[in-house]
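# Overview (structure and organization)
The lines below spell out each chain.
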Amino acid sequence: MELEKFAYDNTIVKKFAFATIFWGIIGMTVGLLVALQMVFPVLNFNTSFLTFSHIRPLHTNAVIFAFVGNGIFMGVYYSLQRLCKARMFSDVLSSIHYWGWQLIIVSAVLTLPFGFTTGKEYAELEWPIDIAIALIWVVFGWNMFGTILKRRERHLYVAIWFYIATFVTVAVLHIVNSFELPISFLKSYSWYAGVQDALVQWWYGHNAVAFFLTTPYLGLMYYFIPKVSNRPVYSYRLSIIHFWALIFLYIWAGPHHLLYTALPDWAQSLGVVFSVMLIAPSWGGMINGLLTLRGAWDKVREDVTLKFLVVAITAYGMATFEGPMLSLKNVNAIAHFTDWIIAHVHVGALGWNGFLTFGILYWLIPKMFRTELYSKKLANWHFWLGTLGILFYAIPMYWAGFMQSLMWKEFTPEGVLKYPNFLETVTQIMPMYAARSLGGALYLIGFIVMAYNIIKTVKAGSFLANEDAEAAPLPKIYQAHKGEHWHRWIERRPIQFMILSLVLILIGGAIEMIPTFLVKSNIPTISSVKPYTPLELQGRDIYIREGCYTCHSQMIRPFRSETARYGEYSKAGEFVYDHPFQWGSKRTGPDLHREGGKYPDSWHYNHMLDPTSMSPGSIMPSYSWLLDNTLDTTTTPAKIRAMITLGVPYPDGYDKLANKDLAIQSKSIAENLKKDGVETLSNKEIIALISYLQRLGTDIKGENKK
Amino acid sequence: MKFINYLESIADVSIYPMISLFLFFVFFSLLIIYVAKTDKKHIDELSNIPLDKNEK
């Protein structure tokens, strides 16, 4: 048959490769800054947009969507063309995808530090950016399917299956979790409330790990490990089972982020069971990757690329062993809300995503620039700096998490909490926070060494923008083998393949979510729980804007150690008006769900001005601008109307009366402050925040009194 | 669209997990049978796709 001549597009691969390096360094530099802020609070600079709670979301979003995101696209655009023996479907779409994605990242940099956030972790970007993400994601999928459809290779290699599953699942996750009601250009409320919002958010959050940080990288593993080591994957049969089992099981596992919370018990158990089962496909995949190198281990000693890849797969194995363990309720009771989780995600992010990206870059850049790597020695330095960095990061965090959790739970023989002051458990782990910063710094230095090495390589080489290739076109009519199996049929049909994966992931999501939304008995209502007053609602939005959830939970678990410390445990019915929920996932500071009435108003006022004045040794930064900023009450009617649309039972026409009630309540708080010697105008933001904090968790307290 | 709880409870709720368990048991059984039965030559061909020799 006549061979067709065509060329692979390397330019788009190069662009995404440079973007992943650039954003990786930015994202990790911000990470290092937030790590140092926990040791030296002065590094918050008393400026809102550099304060921990504003830039911690920037760090997580930058590393996930900018560093790993661009890394995914680099690897997919390189491998997909070769696996399909076709150039990308459209250079224009590739370009729109590239620039669109970078613009989304820039818009994150321009919004998150300034408090424009939805307050839902890893989905913090506001609604206009959410729409942009959806559109650009569709461009990516369009380009990918276009390429697949004009391919010259009949069968879709397993890597492409992972890419397809990634595309379809991320689209579903993003759209479902981003249902929000805009009230202005950069402010919206989550469509879901409380427990339902939490379930949707962690279904999204967990599967962002699964389908953004894992499946695309597994696809890259299945392409690049055989490519670099020049041998086929250990077992292609295993990879088929790996794929289907992984995408089916992962989607159910989200509720393990909500163990012992107010989420219905059956949903928690479902999450645990599927998380434990996940270990099978995860380790199947890890073993498949590692065993591909059987008989080539001598190469690993010399080839720095392989070293990175081996450590990456090992880190994947460790993280996916740890994950199911952490989802067991008894382990989770210790680990949740502590730095153990931070250690866990960084083994995944630094080890698995980071090292796999580095390995691919060291292999890809010299190849595309038709030269040798500038310095193998520097690459080896990078390897060791990175490996030590991971160890110095993870070990202190495991230690800190364990220690702090045990301190939270320790009782004296008399039966009272041994460390009743939360702060005591924080100051104890400061040395570990310092060591973690060192680990992060080592890893970042290694990254910068790689950037230098790559710049030198790029300068020495000459770029091959269009790589010539030739292959026979596919015959129009395919002669199926007699008695062919259905799975072989699906391996040739990308669209049907996508639909089948979509059905698989929808089943898991639907079975978890529909009952929580439709069945009343899942969220028992509590008659004393009333909607927020207009001032409290404004205060809550300040709480969200300032990112308080990055350090404070609002979820008291039903443990003696928690009810003794914080008060009555949290009930599902208490959150029915919370758009979005603010349960948090990490306690760097104490839980706030029963904060209402615990301290006088003046305590909160002074504490926001200078936390150390009320709690000496506190590492919480000052939020002094709340004392100066005037509360914007022009938004109140729109906010009330939005809440009514979402089903919050304010009386009809209340939007017009709301600001009157707001003024009355703020005046009474200002007078209250005056009694304690604090002079302030009643129209400051701090007044609204105090009203919200004093409301927290009090609905139920009232009921108990009766 | 408001997310109110339309149902007090679901009748015979236990049928849903049983159906899904059954569906996936069948799916994975077929998958394993397929994987075990596929001939080695075909599998070798597939696993060599990334190593295509036409490519430089």
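Since we're looking at a predicted model, the values are computed, not measured. (Residues numbered from 1 in each chain as written. Chains lettered and ligands numbered in written order. Predicted model: local features only at pLDDT ≥ 70, side-chain atom pairs only at ≥ 80, totals over all residues.)

## Details of the overall build of chain A
Broken down by element type, chain A carries 27 helices and four strands. In terms of C-alpha radius of gyration, chain A reaches 26 Å, essentially the compact-globule figure of 27 Å for 706 residues. Dimensions along the principal axes, computed over C-alpha positions, put chain A at roughly 90 × 50 × 50 Å. The burial tally for chain A puts 54% of its 706 residues in the buried class. (Helix = DSSP H or I, 4+ residues; strand = E, 2+ residues; numbered from the N terminus. Rg over C-alpha atoms; globule rule 2.2 N^0.38 Å. Buried ≥ 20, exposed ≤ 12 C-beta atoms within 10 Å, placed from the backbone.)

## Quick look at the nonpolar core
Residues and elements named next belong to chain A. Formed by 211 residues in total, the largest nonpolar core has its most connected members in Tyr 77, Ile 160 and Ala 312. For this core, the leading source of residues is helix α6 (residues 194-229), giving 22 residues. Composition of this core by domain shows at least three residues from each of domain 1 (8-477 + 487-510) and domain 2 (534-705). Those residues within four positions of Ala 312 in sequence are excluded, and the remaining contacts are Gly 351, Trp 352, Phe 355, Leu 356 and Gly 359. (Core = buried A, V, L, I, M, F, W, Y, C linked by C-beta atoms within 7 Å. Domains from an automatic or database assignment. Contact = placed C-beta atoms within 7 Å.)

## Focus on the domain arrangement of chain A
Residue and element names in this part refer to chain A. Segmenting chain A into domains produces domain 1 (8-477 + 487-510) and domain 2 (534-705). Placing a centre on the C-alpha atoms of domain 1 and another on those of domain 2 gives a separation of 34 Å. Each side of the interface is counted separately: domain 1 has 43 residues, and domain 2 has 47 residues. Considering every element that reaches the side of domain 1 that touches domain 2, the biggest residue donor is helix α2 (residues 52-84), with five residues. Split into classes, the residues belonging to the side of domain 1 that touches domain 2 amount to 22 nonpolar, 16 polar and five charged. (Nonpolar A, V, L, I, M, F, W, Y, C, P; charged D, E, K, R; others polar.)

## Concerning the packing of α6(A) against helix α11 (residues 304-326) of chain A
Residues and elements named next belong to chain A. Remark: α6 packs on α11, axes separated minimally by 10 Å, with the N-to-C direction vectors making an angle of 145°. For the pair α6 and α11, the sense of crossing is left-handed. Note on element contacts: α11 touches α6 through Thr 305, Leu 306, Leu 309 and Ile 313, opposite Met 221, Ile 225, Val 228 and Ser 229. Partitioned by chemical class, the residues of the contact of α6 with α11 number six nonpolar, two polar and no charged. (Axes fitted to C-alpha atoms, helices over the stretch in contact; angles between N-to-C directions. Left-handed = near helix turned anticlockwise from the far one by under 90°.)

## A look at helix α13 (residues 339-368) of chain A
Residues and elements named next belong to chain A. For α13, built from 30 residues, the straight-helix expectation of 44 Å at 1.5 Å per residue is met to within 8% by its first-to-last C-alpha distance of 41 Å. Within α13, the axis deviates most sharply at Gly 354, by approximately 30°. Judged by how many residues are buried, α13 sits mostly within the fold: 25 of 30 residues are covered. Following α13 by one or two positions, Arg 370 has its phi on the positive side, about 45°. (Expected span 1.5 Å × (residues − 1). Bend = angle between axes of the 7 residues up to and from the residue.)

## Looking at the pairing of strand β2 (residues 180-184) of chain A
Residue and element names in this part refer to chain A. Pairing of β2 with strand β3 (residues 187-190) involves four bridges; the strand directions are antiparallel. Paired with Pro 182 across the strands is Ser 188, a residue of β3. Count of turn residues in the β2/β3 antiparallel hairpin: two residues. (Pairing = 2+ DSSP bridges.)

## So, unusual backbone geometry
Residue and element names in this part refer to chain A. In this model, His 579 is joined to Pro 580 through a cis peptide bond whose omega is -5°. Within the secondary structure layout, Pro 580 lies in the loop between α20 (560-566) and α21 (601-609). You will see that Phe 45, though not glycine, has its phi angle at about 55°, which is positive. With respect to the helices, strands and loops of the structure, Phe 45 is situated in the loop between α1 (11-39) and α2.

## Structural notes on the environment of A:Val13
All names here are of chain A. Note on placement: Val 13 falls in helix α1. Taking the number of C-beta atoms within 10 Å as the measure of exposure, Val 13 has 25 and is therefore buried. Along the backbone, Val 13 and Gly 71 are 58 residues apart, and their C-alpha atoms lie at a distance of 9.6 Å. If sequence neighbours within four positions are ignored, Val 13 has contacts with Met 74, Tyr 77, Tyr 78 and Met 368.

## Here's the deal with the environment of A:Ser327
Residues and elements named next belong to chain A. Tracing the sequence through the fold places Ser 327 in the loop between α11 and α12 (329-335). C-beta crowding within 10 Å serves as the criterion here: with 25 such atoms nearby, Ser 327 is assigned to the buried category. Once you skip the residues sitting within four places of it in the chain, Ser 327 turns out to touch Ala 253, His 256, Gly 271, Val 272, Ser 275, Val 276 and Asn 332.

## Brief notes about the environment of A:Ile251
Residue and element names in this part refer to chain A. On the secondary structure map, Ile 251 appears in the loop between α7 (236-250) and α8 (265-277). Judged by the 26 C-beta atoms lying within 10 Å of it, Ile 251 falls in the buried class. The spacing of Ile 251 and Ser 437 is 186 residues in sequence and 33 Å in space, taken between C-alpha atoms. Excluding anything up to four places from it in sequence, Ile 251 contacts Asn 207, Ile 505, Gly 508 and Gly 509.

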